[in-house]
Amino acid sequence: MPDKVSTIIVCVVVATLVPIAAYVFLKKRYHVTSQPFWLGVVTFVVFALLLERLALNLLYKTDMWVKLLETPLLATGITGLIAGIFEESGCLISMKVSAHIEKKNKEEELEENASIPDNVRKTVEVAEHERNHALLHGLGHGGAVVFVFVISMVVNLIYTLNEGSVVFTASQDPIDNFATAAFVEAAASMQGFHPVDFIYTLIEEIAALGIHISLAVMVWLSMRGSRYTLFFPLSILLHAFSDILVEVLQESGLSEAMCVVFFVAVSLVIVEFTYIVWSRIKFKTVLDTVKKVSDSAE
């Protein structure tokens with residue numbers, strides 16, 4: 001038990017510090033307000049925990065779901081696709097609202113800043129600000145997912161320290177009883193885990209955080225114009241793919257360590273691809289702005 005307790009504590013600390021460190025870094029590096037981050041959190045709660053869960057619960061009650069369960073990979077693909085549709089659509093909606101507010105605020109800020117010498121720099125900074133807020137939005141969404149992991153770890157720690165006894169008091173409130181049952185189920189489901197398994201899960205959560213930020217950037221890219229529209233369905237498909245990948249790896253017969261390595265590798269590929277496109281959009285924004293101002297001057 002001591003090894004398990006210490007491992008859980010380490011996982012909780014690391015899982016808490018990683019999103020916080022990323023949040024501080026992005027705010028200082030790109031000078032973005034906190035608003036996109038919290039919109040990302042709200043998006044996760046509304047579209048993932050509520051609407052997506054409601055849609056899946058309705059699916060689980062159908063005869064089609066019973067047939068889908070005969071092919072676990074297909075069932076995972078369908079649920080992953082539903083998750084992608086709800087979460088990335090929610091990201092698109094909230095990001096458009098956030099981008100509008102952020103752009104307006106930034107324009108007002110730049111107009112009041114006498115140190116800005118011309119329209120070129122002003123327009124580029126506005127575009128940059130709108131572009132960079134996608135990072136915090138994705139961090140808010142992915143950070144909320146990591147927070148759920150932290151809660152499950154804390155509940156598991158309480159469950160372990162009490163040697164499997166239920167520490168929640170009885171309640172007449174059906175909502176309280178439902179929450180209690182969910183906590184106990186979450187803790188009990190992890191009782192067979194070896195301490196190393198918690199570390200593997202932590203690594204997967206951090207890799208998934210990178211994927212969530214990348215998907216948010218892709219959603220932002222889809223808002224840049226018709227030539228980038230396909231990035232939105234791509235974000236949905238990659239969301240579903242990541243869910244399918246987990247199922248395939250679990251059924252592959254590979255060791256847990258190899259499964260984690262493979263998942264992290266795929267995550268890094270998605271992050272690197274997104275970063276390359278994201279960087280090129282930045283360069284193109286500068287060139288387009290300079291050209292536009294030059295043409296108007298002529």
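Residues numbered from 1 in each chain as written. Predicted model: local features only at pLDDT ≥ 70, side-chain atom pairs only at ≥ 80, totals over all residues. Heavy atoms only, no water.

Once that is clear, we can look at the overall build of the chain. Within the chain one finds nine helices and zero strands. In the chain, the order of α-helices and β-strands from amino to carboxyl end is α-α-α-α-α-α-α-α-α. The buried share of the chain, taken over its 298 residues, is 41%. Put simply, of all contacts in the chain between residues at least 6 apart along the chain, 80% involve residues at least 24 apart. Total accessible area on the chain is roughly 16,400 Å²; 67% of this is exposed by carbon and sulfur atoms. (Helix = DSSP H or I, 4+ residues; strand = E, 2+ residues; numbered from the N terminus. Buried < 20%, exposed > 50% of the residue type's maximum accessible area, 1.4 Å probe, protein only. Contact = heavy atoms within 4.5 Å. Areas by Shrake-Rupley, 256 points an atom, 1.4 Å probe, with all protein chains shown as cover.)

Let us now look at the packing of helix α7 (residues 195-222) against helix α8 (residues 231-251). Pairs of packed helices are described in terms of their axes, by the angle between the two and the distance that separates them. At their nearest, the axes of α7 and α8 sit 7 Å apart, and the two run at 160° to each other. Put simply, α7 runs roughly antiparallel to α8. α8 is crossed by α7, and the crossing has left-handed handedness. Here Ile211, His212, Leu215, Met218, Val219, Leu221 and Ser222 of α7 come into contact with α8, specifically with Phe231, Phe232, Leu234, Ser235, Leu238, His239 and Ser242. Here the residues of the contact of α7 with α8 sort into nine nonpolar, five polar and no charged. (Axes fitted to C-alpha atoms, helices over the stretch in contact; angles between N-to-C directions. Parallel < 35°, antiparallel > 145°, perpendicular 65-115°, else oblique. Left-handed = near helix turned anticlockwise from the far one by under 90°. Nonpolar A, V, L, I, M, F, W, Y, C, P; charged D, E, K, R; others polar.)

We now examine the nonpolar core. Within the largest apolar cluster, 54 residues are counted, with the highest numbers of intra-cluster contacts made by Met95, Leu135, Leu136, Leu139, Met153, Trp220 and Leu221. Of all elements in the fold, only α1 (2-30), α2 (35-60), α4 (72-112), α5 (119-161), α7, α8 and α9 (256-297) reach the threshold of two or more residues within this core. Excluding anything up to four places from it in sequence, Leu135 contacts Leu26, Tyr30, Ile213, Val217 and Trp278. Counting six residues, the second-largest nonpolar core is a separate cluster that includes Leu56, Trp65, Leu68 and Ile82. (Core = buried A, V, L, I, M, F, W, Y, C linked by side-chain atoms within 4.5 Å.)

Given a rise of 1.5 Å per residue, 26 residues ought to cover 38 Å, and the 35 Å separating the end C-alpha atoms of α2 matches this to within 8%. At Arg53, α2 shows its maximal kink, close to 30°. Looking at α2, one finds that the buried residues are Pro36, Phe37, Gly40, Val41, Thr43, Phe44, Phe47, Ala48, Glu52, Leu56 and Leu59. (Expected span 1.5 Å × (residues − 1). Bend = angle between axes of the 7 residues up to and from the residue.)

This part takes up the environment of His194. With respect to the helices and strands, His194 occurs in the loop between α6 (174-188) and α7. Between the alpha carbons of His194 and Lys4 there is a distance of 7.4 Å; along the sequence they are 190 residues apart.

In this section: the side chain of His137. Mapped onto the elements of the fold, His137 is located in helix α5. Judged by its relative accessible area of 0%, His137 falls in the buried class. Apart from residues no more than four positions distant in its own chain, His137 is found in contact with Pro36, Phe37, Leu39, Gly40, Thr43, Cys91, Ser94 and Met95.

On average, residues of the chain score 79 in pLDDT, and 72% of them reach the 70 mark or higher. Overall, residues 165-179 carries pLDDT values under 50, and its contacts beyond four positions in sequence, including any with other chains, amount to ten contacts. (pLDDT = per-residue confidence, 0-100.)

Time to look at a nonpolar patch on the surface. On the surface, Val42, Val45, Val46, Leu49, Leu50 and Leu51 cluster together to form a nonpolar patch covering roughly 460 Å² of accessible area. Tracing the backbone through its elements, the reader meets Leu50 in helix α2. (Patch = residues over 30% accessible without salt bridge, like charges linked within 9 Å, V, L, I, M, F, W, Y side chains within 5 Å. Salt bridge = Lys/Arg side-chain N within 4 Å of Asp/Glu carboxyl O.)

Right, let's talk about the packing of aromatic side chains for a bit. Aromatic ring pairs are defined here through the distance separating the ring centres and the angle between the ring planes. Under the criterion given, the structure shown has five aromatic pairs. A centroid spacing of 5.0 Å and a plane angle of 85° characterise the contact between Phe37 and Trp38, whose relative ring orientation is edge-to-face. Accessibility expressed as a relative area gives 52% for Trp38, which makes it exposed. Each ring, one from Tyr275 and one from Trp278, has its centre 6.0 Å from the other, and the planes form 35°; the classification is tilted. Here the residue Tyr275 and the residue Trp278 both occupy positions in helix α9, the gap between them amounting to three residues, near one helical turn. A relative accessible area of 47% places Tyr275 in the partly exposed class. (Phe/Tyr/Trp six-rings, centres within 6.5 Å; stacked < 30°, edge-to-face > 60°.)

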